[in-house]
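What the coordinates show
The lines below spell out each chain.
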Amino acid sequence: MTLVRARDALCDSRIVVRVEADARPPRDRRSPAIYAVFHTDEPDGSRFLGLVTEHQIARFPQRIFADLIDPRVPPPVASDTPLEQLIHAVGERGQTLGMPLAVLERDGSFLGVLTPHSIVEVLLERERRLLEDARKINAEIRREADKAIEQLDIKAHYDTVTGLPNRQLFCDRLLQALAAHERDGNPVVLLFLDVDNFKSINDSLGHLVGDRLLRATAERIRTAVRDGDTVARIGGDEFTILLNGAKDTLNGALVAQKILDGLAQPFVFGAQQIVISVSIGIAVSPADGETMEQLLRNADTAMYHAKSRGKNNYQFFSPELNVQAYRRQEIERNLRCALLQGELGLSYAPRVDLRSGRIVALEVRPFWLSSELGDVPPDDFIPVAEETGLIVQIGIWAFRTACAHAAVWRTQGLADRCLSFRLSQRELDDPQFGDRIMSLLDGCGLEPENLQFELSERMLMTHAAHTLAVLQELSNRGIRFSVGDFGTGNASLRRLRRFPIDELKIDLSSVRDIEPDSDDAAVITAMIAMAKSLRMDVVAVGVETPEHVAFLLERGCRHGQGRLIGARLPPERIAALLAGDAVDLFVA
């Protein structure tokens, strides 16, 4: 039988049975599988068309027989009819099978019955299944597409670390708020926050801790605002807040103070405690700008003003701040080349024994005489140096220069005095800080016990474990440490006792009334007694009058420095004072 006839037979007939090898004609017995094909449309009955090989039948859709079975219709032939008898009955006797038609497996066993009705049903069911499969596929594709679009939207509009809106989404909402202001007249209140000294935390504790801290900070900020307000992270350690529907500009101050209070508590990550603060700038439209760019810029300017006021506070924008912002930019630009141009210098503030007038230590203070800006006060350029990281380079230069001055005084036969340096958070967080200090000491000939570093109370509370490790290592080598402006921060007595602190400095500059019964006198007396209870030396800063000296000596404070003693003295003047070995109470 030809291949064309086999195809026609498979399409027109509905009975295909397997013929075992011993029932095949001799010429076809070598084929592994032979099938008999019957045609049932002949007028005089079914007709045997011939045999089809396995290879031939595999090329046609014979699986349709399995799909088109109606088990409800009784078979026209018995399922146990032998194959030879079936072939003989159909092929030679002309037995008419008609419809329904029997369908047999390849092994000759009865499979089922095919009817015209079942053909339509199965074909329709097949179409329904195909349609349903297509719908499921389309629905799955739609779900995956919607999910992908949602993920793209999240990546485009939300910060991956904190989950807060990013700069793009925040700016969109700010534009909407400004448009709403045109309709309802309500002010648009914008807060600009920057985490103080965050780079130091990142550098010393690693980015993983930094990211955890950012997430925790974002959560505390969120708890300080209403659900309808927008909190966004627009930069590394910068956050913005849009107060929606604010009725009063003072709402910004209330929210800012709530944020400061909320962040005052330490963050606890396992055994590690981290204390942070933020500086907040507030701008209100339309007074501080009618466009998005103006409002963001002015809020940023107010934030930097808050940093210049000691950080951990909030400030409203004012036109005068633009002048200050411009000056800060000029300071940063010129400070980057000040060291190379030799514009920085050192002055010294003597610290004396208030009874004898003998100089016991020298506080090192850098100054800057800029070729463009003139005499720039340390309070102006030191904060900029800390924010930009230039303080590390300036600190190294100041240490080397002061040691060089001490070496000159030593060659003049003058005894070494303790050199005291104010330490910044950036320097303390530098991983090479300890090794660098010891290396510099070895090179300049200064003994470790003649070196002192001054820290702020906040530095003791910021990632205390790291600070304690660095201070303890240097203290074991003989270097001394002091805490400046004691009583102005939040360090507890318990925390102070953990650190190798040798000295507490008490600031008298704001004391106006030192009468024995005054509140100021009571506070200073209590602070001196507290320092003594911790077995620490006490130094009074801001000694301006002989009455201050008498007041301090009466309460057991023997060391002091200030204008009455001498401030910002050049190295040459210090050499003359050291040669006299005492301050004639006192140098003006």
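Residues numbered from 1 in each chain as written. Predicted model: local features only at pLDDT ≥ 70, side-chain atom pairs only at ≥ 80, totals over all residues. Heavy atoms only, no water.

By the burial criterion, the buried members of helix H7 (residues 198–205) are Phe 198, Ser 200, Ile 201, Asn 202 and Leu 205. Trailing H7 by a residue or two, Gly 206 shows a phi angle of about 100°, which is positive. (Buried < 20%, exposed > 50% of the residue type's maximum accessible area, 1.4 Å probe, protein only. Helix = DSSP H or I, 4+ residues; strand = E, 2+ residues; numbered from the N terminus.)

Below, the discussion takes up the sheet that holds strand S8 (residues 238–243). If you walk across this open sheet you meet the 5 strands as S7-S8-S6-S11-S12, and the pairing is mixed. Looking along the sheet, the strands with just one partner apiece sit at the ends: strand S7 (230–233) and strand S12 (314–316). Each neighbouring strand pair of the sheet contributes to a mean axis angle of 20°, computed without reference to strand direction. In this structure, strand S6 (residues 188–195) lies alongside S8, joined through 6 bridges in antiparallel fashion. Each bridged residue has a counterpart across the sheet, and for Leu 191 the counterpart in S8 is Ile 241. (Pairing = 2+ DSSP bridges. Axes fitted to C-alpha atoms, helices over the stretch in contact; angles between N-to-C directions.)

Mean pLDDT over the protein: 78, with 73% of residues reaching 70 or higher. Ranking the elements of the protein by mean pLDDT puts helix H1 (residues 3–12) last with 40 and S8 first with 95. Low pLDDT, under 50, characterises residues 45–79; the stretch is placed with 98 contacts to residues that sit more than four places away or in other chains. Within the model, pLDDT remains below 50 along residues 89–100, and this stretch shows 27 contacts once partners closer than five positions in the same chain are excluded. (pLDDT = per-residue confidence, 0-100. Contact = heavy atoms within 4.5 Å.)

Glancing now at the pattern of salt bridges. Counted by the stated rule, this structure contains 25 salt bridges. The salt bridge partner of Asp 229 is Arg 226, with a shortest N-O separation of 2.8 Å. With a shortest N-O distance of 3.0 Å, Glu 503 and Arg 351 are connected by a salt bridge. On the criterion of sequence distance, the pair formed by Glu 503 in strand S19 (residues 503–507) and Arg 351 in strand S13 (residues 344–353) is long-range, its members being 152 residues apart. Through salt bridges with shared partners, a single network forms among Arg 351, Glu 363, Arg 365, Arg 422, Glu 454, Glu 503 and Lys 505. (Salt bridge = Lys/Arg side-chain N within 4 Å of Asp/Glu carboxyl O.)

Moving on: the layout of surface pockets. Roughly 290 Å³ of internal volume is contained in the second largest pocket. Surrounding the second largest pocket, 15 residues form its lining, Asp 194, Asp 237, Lys 307, Glu 387 and Arg 426 being those nearest its centre. Elements that contribute at least two residues to the lining of the second largest pocket include exactly S6, H7, helix H10 (292–308) and helix H12 (378–388). When residues of the lining of the second largest pocket are assigned to their parent elements, the largest contribution, 3 residues, is made by H7. (1 Å grid on protein atoms, 1.4 Å probe; cavity = no way out; pocket = protein on both sides within 12 Å on 5 of 7 lines; lining within 4 Å. Points joined across faces, edges and corners; volume = space filled by probe spheres on them.)

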